[in-house]
Amino acid sequence: MPHFLWKNVLLFTCFLLITSINSQDYDDSDNAPANPEQDKCIGVFLTYTFTKRTKEYPHVKNASAQAYAFDAVATILNTMSEDLKAWEFFVGFQHDEILVSVRNAVLTNGTDFPVKVGNGTTFSGFPDSDLLNAIETAGDMEQIQRIIKIKGTQFGVKPPGTPMPKTMKLMNSGFKCPEPTKKGGQMYLCCVKDPKMKKKTNTTKFLKRQKADLTIAYDILQAYGNNYLAQVTMDNWHPLGRLDNWNLTWEWKRGEFIYSMRGAYTLKRDSSSCIYSQAASYYTDFDFAPVISCDKNPIIVDLPPEREKDKDIGNLPFCCKNGTLLPKQMNSSLSTAMFQLQVYKMPPDLNRTTLHAPQNWKIKGELNPNYVCGPPVRVEPMEFPDPSGLMSETAAVASWQVGCNITRPKPRQNRCCVSFSAYYNESVIPCNTCACGCSDAVACDPDAQALLLPSEALLIPFRNRTAKAKAWAKLKHRSIPNPLPCGDNCGVSINWHIVSNYRNGWSARITLFNWKQYIFKDWFTAVTLDHDVFIDYQKVYSFNGTILNSTKHTVFMQGLEGLKYLVGIVNATDPTKNPQIPGKQQTVISFTKKKRPNIKLSKGPGFPTKVYFNGEECALPDQLPISNGYSLRSGISRVALAVISAFLIYLGILL
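Please read these numbers as outputs of a predicted model, since none were measured by experiment.

Trainee: I tried to follow the overall build of the chain on my own but got confused; where do I start?
Mentor: Tallying secondary structure elements over the chain gives 7 helices and 40 strands in all. Looking at the chain residue by residue over its 655 residues, the buried ones come to 47%. Pairs at least 24 residues apart make up 69% of the contacts formed inside the chain by residues separated by at least 6 positions.

Trainee: Please clarify how the state of the cysteines should be interpreted in this entry.
Mentor: Working definition of a disulfide: a covalent bond connecting the sulfur atoms of two cysteines. On inspection of all chains with the given rule, the structure shows 10 disulfides. A sulfur-sulfur distance of 2.0 Å marks the disulfide that ties Cys 41 to Cys 190. Sign of the S-S torsion, about 75° for the bond between Cys 41 and Cys 190, identifies this disulfide as right-handed. With a gap of 149 residues between them, Cys 41 in the loop between α1 (3-22) and β1 (44-55) and Cys 190 in strand β12 (residues 186-193) connect regions that are remote in the sequence. Note on Cys 41: relative accessible area 5%, which makes it buried. Disulfide partner of Cys 444: Cys 486, at an S-S distance of 2.0 Å. Of note, the bridge from Cys 444 to Cys 486 carries an S-S torsion of about 90° and is right-handed in sense. Within this pair, whereas Cys 444 is found in the loop between β27 (425-429) and α5 (466-475), its partner Cys 486 is found in the loop between α5 and β28 (492-502), the two being separated by 42 residues in sequence. Accessibility expressed as a relative area gives 23% for Cys 444, which makes it partly exposed. Residue Cys 486 is classed as buried on the basis of its relative accessible area, which comes to 7%.

Trainee: Would you mind showing me how to read the side chain of Glu 97 here?
Mentor: Take Glu 97: it is sitting in the loop between β3 (88-91) and β4 (98-103). Buried and without a salt bridge, Glu 97 has Arg 53 as its closest oppositely charged side chain, separated by 9.7 Å. A polar atom in the side chain of Glu 97 sits 3.2 Å from the backbone nitrogen of Gln 94. There is a polar contact of 2.7 Å between the side chain of Glu 97 and the backbone nitrogen of His 95.

Trainee: Looking at this structure, how should I read the packing of aromatic side chains?
Mentor: Two descriptors summarise a pair of aromatic rings, namely the distance from one centre to the other and the angle between the planes of the rings. The full count for this structure, using the stated rule, is 29 aromatic pairs. Aromatic side chains Phe 520 and Phe 613 sit 5.1 Å apart centroid to centroid with 90° between the ring planes, which places their arrangement in the edge-to-face category. Of the two residues, Phe 520 sits in strand β30 (residues 520-521) while Phe 613 sits in strand β37 (residues 610-613), which places them 93 residues apart along the sequence. For Phe 520, a relative accessible area of 1% corresponds to the buried category. Taken together through their ring pairs, the aromatic side chains of Phe 257, Tyr 259, Tyr 282, Tyr 283, Phe 286, Phe 288 and Tyr 344 make up a single cluster. Over the aromatic face of Phe 90 sits the side chain of Lys 169, whose NZ or CZ is 5.9 Å from the ring centroid. Stacked on the ring of Trp 400, the Lys or Arg Arg 378 has its end atom at 4.8 Å from the ring centre.

Trainee: It is not clear to me how the pattern of salt bridges should be interpreted in this structure. Could you clarify?
Mentor: One side chain can pair with another of opposite charge once the charged atoms of both are near each other. For the structure shown, the criterion picks out 19 salt bridges. For Glu 37, the salt bridge is made with Lys 40, and the minimal N-O distance between the two is 3.5 Å. Under the relative-accessibility criterion, Glu 37 is labelled partly exposed at 27%. The class of Lys 40 is exposed, set by a relative accessible area of 66%. In this structure, the salt-bridge partner of Asp 128 is Arg 146, at a minimum N-O distance of 3.7 Å. Residue Asp 128 is found in the loop between β7 (121-125) and α2 (141-144), and its partner Arg 146 is found in strand β8 (residues 145-155); the two are separated by 18 residues along the sequence.

Trainee: Even after reading the chapter, I still don't get the nonpolar core, so can you show me in this structure?
Mentor: Across soluble globular proteins, nonpolar side chains show a tendency to be buried alongside one another. If you look at the biggest cluster of nonpolar residues, it comprises 36 residues, and the most contacted ones within it are Ile 494, Trp 496, Ile 510 and Phe 613. Put simply, the parts of the chain that give this core at least two residues each are β26 (416-422), β28, β29 (505-514), α6 (531-534), β32 (537-540), β34 (554-559), β36 (583-592) and β37. Non-local contacts of Phe 613, meaning those with residues more than four positions away in its chain, are made with Leu 367, Cys 416, Val 492, Ile 494, Leu 512, Phe 520, Trp 523, Phe 524, Thr 525, Leu 566 and Cys 618. By size, the runner-up hydrophobic cluster in this structure holds 34 residues, among which are Trp 252, Ile 363, Tyr 371 and Ala 398.

Trainee: Teacher, can you tell me more about the pairing of strand β19 (residues 336-344) here?
Mentor: Each regular strand shows side chains that alternate between the opposite faces of the sheet. Most of β19 is tucked away, with 9 of its 9 residues classed as buried. Of the two faces of β19, the one carrying Thr 336, Met 338, Gln 340, Gln 342 and Tyr 344 and the one carrying Ala 337, Phe 339, Leu 341 and Val 343 are both buried. Pairing geometry for strand β14 (residues 227-236) and β19, over 9 bridges, is antiparallel. Note on β19: the bridge partner recorded for Val 232 is Phe 339. Where strand β16 (residues 257-262) meets β19, 5 bridges bridge the pair, whose relative direction is antiparallel. Bridge pairing in β19 links Ser 260 to Gln 342.

Trainee: Can you help me understand the layout of surface pockets in this one?
Mentor: Regions of empty space are outlined by a rolling probe, equal in size to a water molecule, passed over the atoms. As a volume, the second largest pocket reaches approximately 1,100 Å³. Surrounding the second largest pocket, 35 residues form its lining, Asn 109, Thr 111, Asn 370, Val 372 and Thr 407 being those nearest its centre. Elements represented by at least two residues in the lining of the second largest pocket include exactly β3, β6 (115-116), β7, β15 (247-251), β20 (359-364) and β21 (370-373). Broken down by class, the residue content of the lining of the second largest pocket amounts to 13 nonpolar, 13 polar and 9 charged.

Trainee: What should I look at first to understand the sheet that holds β15 in this one?
Mentor: What links the strands of a sheet is backbone hydrogen bonding, and the strands pair in either a parallel or an antiparallel sense. Strand order in the open sheet made by the 4 strands is β17-β18-β15-β20, with antiparallel pairing throughout. The sheet is open, and its two borders are formed by β17 (264-266) and β20, each paired with just one other strand. Looking at each pair of strands side by side, their axes are set apart by 25° on average, direction ignored.

Reading guide: rules and limits
Every residue gets a number counted from 1 within its own chain, in the order that chain's sequence is written. Restriction of local features to residues with pLDDT of at least 70 applies here, the model being predicted, together with a cutoff of 80 or more for giving and counting side-chain atom pairs; totals for whole chains, interfaces and linings are based on all residues. The side-chain values count all of the structure's non-hydrogen atoms but skip hydrogen atoms and water molecules. A run of H or I in DSSP becomes a helix once it reaches four residues, and a run of E becomes a strand once it reaches two; helices and strands are each numbered from the N terminus. Classification of residues uses two cut-offs on accessible area relative to the type maximum, computed with a 1.4 Å probe and protein chains only: under 20% is buried, over 50% is exposed, and between them is partly exposed. The criterion used for residue contact is that any of the two residues' heavy atoms lie within 4.5 Å. A pair of cysteine sulfur atoms is labelled a disulfide when the two atoms are within 2.5 Å. When charges are tallied, Lys and Arg are placed among the positive residues and Asp and Glu among the negative ones, while His and the ends of the chain are skipped. In the sections that follow, a salt bridge refers to a side-chain nitrogen of Lys or Arg positioned within 4 Å of a carboxyl oxygen of Asp or Glu. What qualifies as a polar contact is a pair of N or O atoms within 3.5 Å, subject to a donor-acceptor requirement within protein and to the restriction that residues adjacent in sequence count only when both atoms come from side chains. Side-chain rings of Phe, Tyr and Trp (the six-membered ring for Trp) are treated as a pair once their centres are within 6.5 Å; stacked means planes under 30 degrees apart, edge-to-face means over 60, and tilted covers the remaining angles. Two limits define a charge over a ring: the Lys NZ or Arg CZ must be within 6 Å of the ring centre, and within 35 degrees of the ring normal. Definition used in this section: a nonpolar core is a set of buried Ala, Val, Leu, Ile, Met, Phe, Trp, Tyr and Cys residues joined via side-chain atoms within 4.5 Å. When DSSP finds two or more bridges between a pair of strands, those strands are recorded as paired. Here the term cavity refers to a set of points on a 1 Å grid, laid over the protein atoms alone, in which a 1.4 Å probe fits but cannot get out; the term pocket refers to an open set having protein on both sides within 12 Å along at least five of seven lines, with lining residues being those that place an atom within 4 Å of a point. Grid points are joined across faces, edges and corners, and a volume is the space filled by probe spheres set on the points. Ten residue types, Ala, Val, Leu, Ile, Met, Phe, Trp, Tyr, Cys and Pro, are classed as nonpolar, four, Asp, Glu, Lys and Arg, as charged, and the remainder, Gly among them, as polar. The axes are straight lines fitted to the C-alpha atoms, using for helices just the contacting stretch, and the angles between their N-to-C directions are given from 0 to 180°.

Function cannot be read off these values alone, since they describe shape.
This is the structure we're talking about:
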């Protein structure tokens, strides 16, 4: 080939290389592009690099609705002289991203894939949650840095645009993070220690135990080459937290399986799932018949009380309460649950020092608060009293702690609701339409406002209220929408009724209705009131009422002896003629007027701002009954009423 042709080929090849390097999408290598700015950082250096994307099916004309598969790499590097414990890395996604998989990290909230993260999400380290420092590791990048590989789908950003997050930051307390610097398909920042934060002295290499509404301890009591004995302890710390018939689940990340259990059991026990699992390929001569569970996500439940003394599967403290976890002020002996499990491991973890806790913890109960659990954090080993009875204590081999906190229900995702009524208004404001969700049925309107009701309609199921609601609307000259509003679909409803108002005080009545067949044992309810109302609280009569010092302006109520069961709905004597009858409990609550003698109950201050049943926050109505009609629960409506009133007065003057 002539010399000038070789020269042209060489120039063309260089051009292709330069073009590929400067292109928007990076190659799909294992490492993110190195950033020289990390050498200037004394703290924690974070990067996010967009690597590539591919147009996904279906192909649509609307650019904002077009989906693209994308790959990205995030890195977190410890450039301090001390270890970074239990790191948490927030990425502020903003393009309706859906994550499909993440390598070398887990989602902090334990959500399963695929997961929508359009408002951002936080990553935590797994299998190692800590980043060591370079000084004590001779600069070993595998111990001081984590490379997080992210795969997912994003919407609406087509080439040549780059779908970058809005922001990112380190979530660990005691750090200050600036706004990230963005350059093309990469963004980076250096988070440094906040000089205003007091330096906490920690004499151990593990973190101290954290505070949460519900804490779960995962303590390894005995460790062998290929298996270990673990103990799980759950403690309820929230004054309104509660679980009934709790279901606990997690995810085994390293092929583990549960050989045996005491104090609890798995809902599914199928030896065939073990035989065809990854475990069977290694434990070739193992008898899987007695194995409890080989599920990657086992569902664990408590034993019934009658198995408490069973020497084979029970006989543990705090076990066998039928899944009940109560607040400590109700019953401290029922605020803790415990069980043990024998866990077998898989290669390459076949030595007694290689130990990992399961990830993605979730717990739920029957009409209870929604708990969101963080990742397990390695903490100081738990110490237990010596089983021989001596004064010494025995430490666990290793300990992790999971913190779970109660989250407020999203609209239409409550599981209980509230209706309001008063002696000065004939109509009841019922629970909101679809307060606890709605199906896709087209026979009703999920967006229409609920129809006002006569008081007797509260005693019958929603499906039997139609005739009464229509008749009441006609009597009160109110329009009837077509189609009619959907029901509230709540298993429990609560009515707050202002009974009386006199010179020295006033009273309200609270009534609980159970529309489920489930019987609530040791139930409780709580109401939060405005300060002006709460300061004159006097007494609860038919329930055991106490003031919660840990929760502002809240009255806690539970059943007295003989009234601790809220029974379920039952059929009427003649089901063909009469509707079903809900379980019901009620009491009167009295208030004085010593500190607020001029309180105007007819304007709405006598209604609670929050209502709870068994820890679940119930949906409140959008309106309040007042003496001359109804008022929305917002300041805007009051202003509007004032403007309308002034306008009517003005018209009267003109006339």
